[in-house]
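Observations on the model geometry
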Amino acid sequence: MTAQPPPPPGPPLVGRGEILARLRHKLRAVSDGGAARCVVLRGVAGIGKSRLIAEVCREAADRGMAVASGRATELDRVSPLATLTQALRAAAPPLLDTDASTRLAARAGTPHLQAEFLAELLGARARSSPLLLALDDAQWTDEASALALRLLTRELAEAPVLWLLAARPTTGAQAMHSVLDALGQGDGGAIELGPLSADAAGELVRHLAGGRPAAALREMAERAGGNPFLLHELLLALREKRRLRVAADVADVAPGELPPDFRSRIAERLRDLPPTARRLLEAGSVLARPFDLRTVAAVSGLDPVGVAGAAQEALLHGFLAEDGPLLAFRHDLLREAIYSGLPGPVRHALHGSAGEVLKERGGPAAEAALHLAHGATTGDIEALVVLRAAAKEVRATAPKVAAELLVRLVDLTDAGDPERPAVTVEAVRALVWAGRIQSAVDLVERALTAPMPPEVEAAARIVLAQALAHQGRQAAALRQARHGGALAGPRSTARAGAKVMEAFALVYGPTSAECRSRARLADEAAAEAVRLGQATGDAFGEVGGLCAGGVVATARGAVQDAVGLAERATRRAAELGGEARWLATPAWLGATLTAADRFAEAEERLEAGRREAERNSAMWSLSIMGEYRARLLLLAGRLDEAERTAEEGLRFCRGMGAVGPTPPLHAALARVAILRDDLASAARQLVRAEELGAGGVMPDYDDVLVAAALLESARDRPEAALRAAAPLYAALPTVLASAYEPGILPELTRIALRAGDAARARTAADAAARYAARNPRLASARAAAAHAEGLLGGDADALRAAVDAARGGPRPLALAGALHDLAEVTREADCPAAIAAAEEAAGLYEAAGADRPAAAVRLTLRHLGVRRRPARTPDADGGWAALTPAELRVARLVAAGMTNRAVAERLFLSRHTVDAHLRRIFAKVGVSSRVELARLAADRRLADVEPGPGRPDASPE
């Protein structure tokens with residue numbers, strides 16, 4: 001006898017034992033008071049992410065942790081902080097109560113202040129109890145919540161907080177794309193959920209069906225592809241059609257066919273519902289978030305009384321579930337299947353109805369506008385007004401949404417409307433600001449095929465030049481900037497903007513013998529931009545001209561002039577506001593401070609710039625911060641950090657479609673790989689950089705040429721290295737890369753000497769001498785000039801001068817290179833001095849993890865009769881005696897339980913300086929967290945420790 005089995009109470013968690021064990025390990029570490037952990041679960045819809053989150057939340061609650069769990073919806077992206085605050089309010093007791101919500105609302109419109117407030121709130125809570133914050137469907141997280149998560153995970157890095165985020169595969173169009181990538185870095189930080197194995201799928205089917213699956217049922221279950229949710233829906237469909245049979249603990253299917261795919265099965269299930277329930281589900285699928293009966297009745301046109309019965313039917317058939325006082329789809333795959341099955345006119349009408357209902361009821365303006373955007377028709381004046389107002393409202397907090405609304409505004413504006421060209425320019429600017437570079441290029445190029453008023457066309461071509469420059473298409477950017485400038489009237493503010501883009505396109509043009517003449521033209525354009533900007537009140541022109549002038553001054557070797565211009569630009573941007581903030585002045589200032597050997601200040605400025613760009617949601621500004629910071633870290637010998645920063649920068653640029661900054665990032669990764677003696681990886685990075693040239697991106701960046709020459713040199717192919725560096729020799733002395741890194745010039749001298757080209761060796765050495773003469777107070781410049789001269793003539797005195805000068809700077813790898821060359825030159829005449837120099841060089845290289853040059857130095861030592869001792873480990877006192885006075889002060893306060901912010905305030909330091917001190921403290925005493933530091937400090941009586949006799953504080957206080 002066969003029976004139709006009752007539905008089981010709920011499917012078990014199968015096939016995820018190993019992943020659950022990893023999550024439990026992290027949960028235990030945090031609940032026991034350890035530092036924060038972050039896990040990103042990735043996988044397609046229905047693969048089991050939600051079930052894992054539910055299990056971890058349950059276990060966290062059992063451990064007495066505070067648990068905040070939430071799920072993002074597709075329309076969260078237009079509601080600032082919606083994703084995060086809903087999760088915090090859902091905790092029991094709420095982590096964001098009424099009073100805290102009021103204080104948070106008082107900071108509305110300033111996402112960074114809201115994020116800082118939440119950091120303080122959660123930090124205080126974590127001090128009393130470990131926290132779990134879990135977000136499901138995190139790919140839909142709004143931009144303000146994404147910003148907050150960036151800040152919170154950094155600020156609470158040492159607090160007992162487990163961040164658990166689940167997301168479907170993301171694209172660059174979503175605010176959380178780069179955040180999820182960044183948070184998933186590190187050991188075990190990202191977990192990919194793949195399909196269930198055949199055995200696990202069989203176990204799940206056995207539970208769902210109520211018996212061991214027969215061959216026919218197993219074959220049918222294979223259609224689900226190991227996806228637990230689709231398996232569940234398949235078994236549910238079989239049960240509803242009474243096709244499932246169980247006898248003697250064996251489950252089988254009755255003959256007959258089911259629709260072949262999930263959406264078809266959902267469509268068939270919908271046909272079994274009453275018409276009112278179908279209409280309710282259709283309206284709910286358009287609303288795209290949990291809804292109340294009153295709202296869904298108004299959108300669907302159902303009778304407010306009868307809608308309750310429709311909801312009961314939808315609940316009974318498993319389409320909906322209760323979500324507090326609201327209703328929500330049991331899984332977003334169900335909502336998507338219903339939404340995708342709506343005929344176009346029905347979908348259009350429902351969006352229009354939703355927009356009107358939300359607008360009438362005072363709902364979020366941007367959310368109403370998105371619905372109206374989908375439901376409006378061309379020329380709908382009311383919709384146009386709503387869209388423009390909503391875009392203005394959310395531009396500061398959700399620039400991607402603002403760009404989407406403005407693009408839709410363009411689509412809905414009649415082709416003959418005289419306002420359409422100006423609306424298009426506004427939309428293109430928003431796209432550039434939001435980091436959607438290719439979309440900006442496509443839109444403005446289409447618009448330029450139609451006639452425009454000259455002034456509007458000038459603005460369109462200038463913003464196109466910005467987008468092209470960010471794509472690395474400098475020649476095209478230069479043409480558009482000059483064309484736009486020619487169209488602008490004599491009193492137009494567009495003229496200043498055109499000169500800004502002209503200057504940048506010139507200075508970042510190809511590396512060649514034309515660099516000197518281009519630098520002169522760029523300098524003139526930058527000065528004219530400043531003059532025009534001041535005359536017309538154009539902040540973008542004035543500040544942009546100062547930034548461009550600083551870059552030109554750097555390329556010409558006038559480092560102090562460059563710093564002065566960048567500092568003026570930063571001050572004026574703060575004073576003027578507006579579009580001046582687009583120019584990422586902290587990035588340019590950080591770059592020039594790097595050239596000036598002021599590394600601590602440079603890093604601080606770049607960090608401040610990153611925070612400012614995040615506050616302003618300036619996506620393209622964030623992309624160039626990574627380029628400059630990766631270079632700084634490389635020069636400082638912090639190879640692991642340089643690699644991580646460059647990789648994060650590449651992911652970020654790929655996500656937003658901005659390829660302009662990517663060649664230098666590939667070059668930085670190649671340089672790191674060469675230093676680590678991984679020449680194959682270096683070659684792959686350079687191939688990727690060169691491949692960008694096929695897409696119109698300038699392939700011959702200084703950084704890429706330098707890395708290519710160094711790779712060939714490492715391969716012991718001197719002629720190939722000389723060919724790779726040929727454009728650099730031709731461009732000297734106007735090479736930006738050598739201004740940021742004067743140590744390149746001794747390397748170019750070495751390459752030419754090894755290839756037998758004395759003339760080019762002399763050219764590189766002369767360029768180093770001119771650079772030092774122009775910057776006599778710059779340690780790196782003096783070191784490079786003496787180093788190059790020492791190589792050129794085998795001059796030990798010059799190399800000693802190079803070593804002495806390099807000791808006064810912040811570039812350990814440059815110092816190590818000079819020491820090694822000094823050891824080579826003096827090993828016959830002064831063996832003890834040569835050994836001492838080589839030992840010091842080896843220590844510097846080993847400390848940086850630069851395996852290749854370290855091995856070369858050890859070979860020199862063997863030739864000198866010395867076998868290199870192992871790298872020095874922390875001393876018997878745990879490294880405490882090596883701390884500088886400033887590091888010791890920071891260590892005492894951190895060990896006492898103070899946050900980095902509190903330490904900074906107590907000692908009147910920047911938070912960046914405290915972070916830098918803490919990194920060095922961890923390295924010296926051999927710990928990796930604040931908890932370990934505190935325990936070790938208690939054992940060592942840190943209050944009694946005296947600072948070491950070594951180097952003085954490197955960072956200014």
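All values derive from a computational prediction rather than experimental measurement.

About the cut-offs
- Starting afresh in each chain, residues are numbered from 1 along the sequence in its written order.
- Selection of residues for local features in this predicted model requires a pLDDT of at least 70, selection of side-chain atom pairs for listing and counting requires 80 or more, and totals for whole chains, interfaces and linings are taken over all residues.
- Each side-chain value is worked out from all heavy atoms of the structure, with water and hydrogens disregarded.
- The rule for pairing is simple: two strands pair if DSSP sees at least two bridges between them.
- Secondary structure elements are defined from DSSP: runs of H or I of at least 4 residues count as helices, runs of E of at least 2 residues count as strands, and each element is numbered from the N terminus.
- With axes taken as lines fitted to C-alpha atoms, and helix axes fitted only over the stretch in contact, angles between N-to-C directions fall between 0 and 180 degrees.
- Pairs of residues are marked as contacts when any of their non-hydrogen atoms sit within 4.5 Å.
- We define the nonpolar core as a collection of buried residues of types Ala, Val, Leu, Ile, Met, Phe, Trp, Tyr and Cys that are connected through side-chain atoms lying within 4.5 Å of one another.
- Burial classes: relative accessible area under 20% of the type maximum marks a residue as buried, over 50% as exposed, and values in between as partly exposed (1.4 Å probe, protein chains only).
- Note: pLDDT gives the predictor's confidence per residue, expressed from 0 to 100.
- Salt-bridge detection follows one rule: a side-chain nitrogen of Lys or Arg within 4 Å of a carboxyl oxygen of Asp or Glu.
- Helix span is expected to be 1.5 Å times the residue number reduced by one.
- Ring pairs are drawn from Phe, Tyr and Trp, using the six-membered ring of Trp, whenever the two centres fall within 6.5 Å, and their geometry is named by plane angle: stacked under 30 degrees, edge-to-face over 60, tilted for the rest.
- Placement of a positive charge over a ring is assigned whenever Lys NZ or Arg CZ falls within 6 Å of the ring centre and within 35 degrees of the normal to the ring plane.

Looking now at the sheet that holds strand 7 (residues 244-247). Pairing is mixed across the open sheet formed by three strands, whose spatial order is 6-8-7. Here the strands that pair on one side only, and so sit at the sheet edges, are strand 6 (212-213) and strand 7. Taken together, the two bridges between strand 6 and strand 8 (residues 250-253) define a ladder with parallel strand orientation. Note on strand 8: the bridge partner recorded for proline 213 is alanine 251.

Now for the sheet that holds strand 1 (residues 37-42). On the basis of which strands lie adjacent, the open sheet formed by five strands has the order 2-3-4-1-5 and parallel pairing. Looking at the sheet topology across the chains shown, the edges are occupied by strand 2 (66-71) and strand 5 (190-192). The mean inter-strand angle of the sheet, taken between neighbouring strand axes irrespective of direction, is 15°. One ladder, built from six bridges, connects strand 2 with strand 3 (residues 131-136); its direction is parallel. Opposite valine 67, over in strand 3, you have leucine 132 as the bridge partner. Lying on the sheet, helix 1 (residues 17-31) is in contact with strand 1, strand 3, strand 4 (161-167) and strand 5; it crosses strand 1 at an angle near 160°. Packing of helix 3 (residues 82-90) onto the sheet brings it into contact with strand 2 and strand 3, and relative to strand 2 it is tilted by some 135°.

All right, on to the side chain of threonine 645 then. Following the sequence through the fold, threonine 645 ends up in helix 31 (residues 639-656). Apart from the residues lying within four places of it in its own chain, the contact partners of threonine 645 are Gly626, Arg629, Ala630 and Leu633.

This part is about the nonpolar core. Ranked by size, the top nonpolar core spans 154 residues in total, and within it Leu405, Tyr729 and Leu748 carry the most contacts. With near-sequence residues (within four places) excluded, leucine 405 lies in contact with Ala369, Leu370, Leu387, Ala390, Ala391 and Val394. In terms of nonpolar packing, the next biggest core, distinct from the first, is built from 54 residues, Ala200, Leu204, Leu208 and Ala314 among them.

Time to look at the confidence of the model for the protein chain. Per-residue pLDDT for the protein chain averages 84, and the proportion of residues at 70 or more is 89%. Mean pLDDT values over the elements of the protein chain span from 71, in helix 46 (residues 911-925), up to 96, in helix 37 (residues 744-754). Low pLDDT, under 50, characterises residues 1-9; the stretch is placed with 22 contacts to residues that sit more than four places away or in other chains. Low confidence marks residues 872-877, where pLDDT is under 50. Its contacts with residues over four positions away, or in another chain, come to five contacts.

Under the defined criterion, the tally for this structure stands at 51 salt bridges. Between arginine 461 and glutamate 457 there is a salt bridge, and its shortest N-O distance comes to 2.9 Å. On the criterion of helical spacing, the pair formed by arginine 461 and glutamate 457 is a turn pair, its members being four residues apart in helix 22 (residues 454-470). Assessed through its relative accessible area of 12%, arginine 461 is described here as buried. Taking the relative accessible area as the measure of exposure, glutamate 457 reaches 16% and is therefore buried.

Moving on, we come to helix 16 (residues 344-360). Across its 17 residues, helix 16 extends 24 Å between first and last C-alpha, which sits within 8% of the 24 Å expected from 1.5 Å per residue. Those residues of helix 16 that sit buried are Leu350, His351, Gly352, Ala354, Gly355, Val357 and Leu358. Buried positions along helix 16 lie against helix 12 (275-287), helix 13 (293-300), helix 15 (332-340) and helix 17 (365-375). Phi turns positive, to about 70°, at glycine 362, one or two residues after helix 16.

Turning to the packing of aromatic side chains, a few remarks are in order. Geometry of an aromatic ring pair is reported as the spacing of the ring centres plus the angle between the planes. Applying the stated criterion to the full structure yields four aromatic pairs. Geometrically, the ring pair formed by tryptophan 588 and tyrosine 628 is edge-to-face, given 5.8 Å between the ring centres and 70° between the ring planes. Separated by 40 residues along the polypeptide, tryptophan 588 in helix 28 (residues 585-595) and tyrosine 628 in helix 30 (residues 619-635) bring together distant segments of the chain. For tyrosine 628, a relative accessible area of 5% puts it in the buried group. Members of the aromatic cluster, joined through ring pairs, are Phe504, Tyr508, Trp588, Tyr628 and Tyr740. Directly above the ring of phenylalanine 319 sits arginine 269, whose terminal nitrogen or CZ lies 4.5 Å from the centroid. The cationic tip of arginine 347 hangs over the ring face of tyrosine 339; the distance from NZ or CZ to the ring centre is 4.6 Å.

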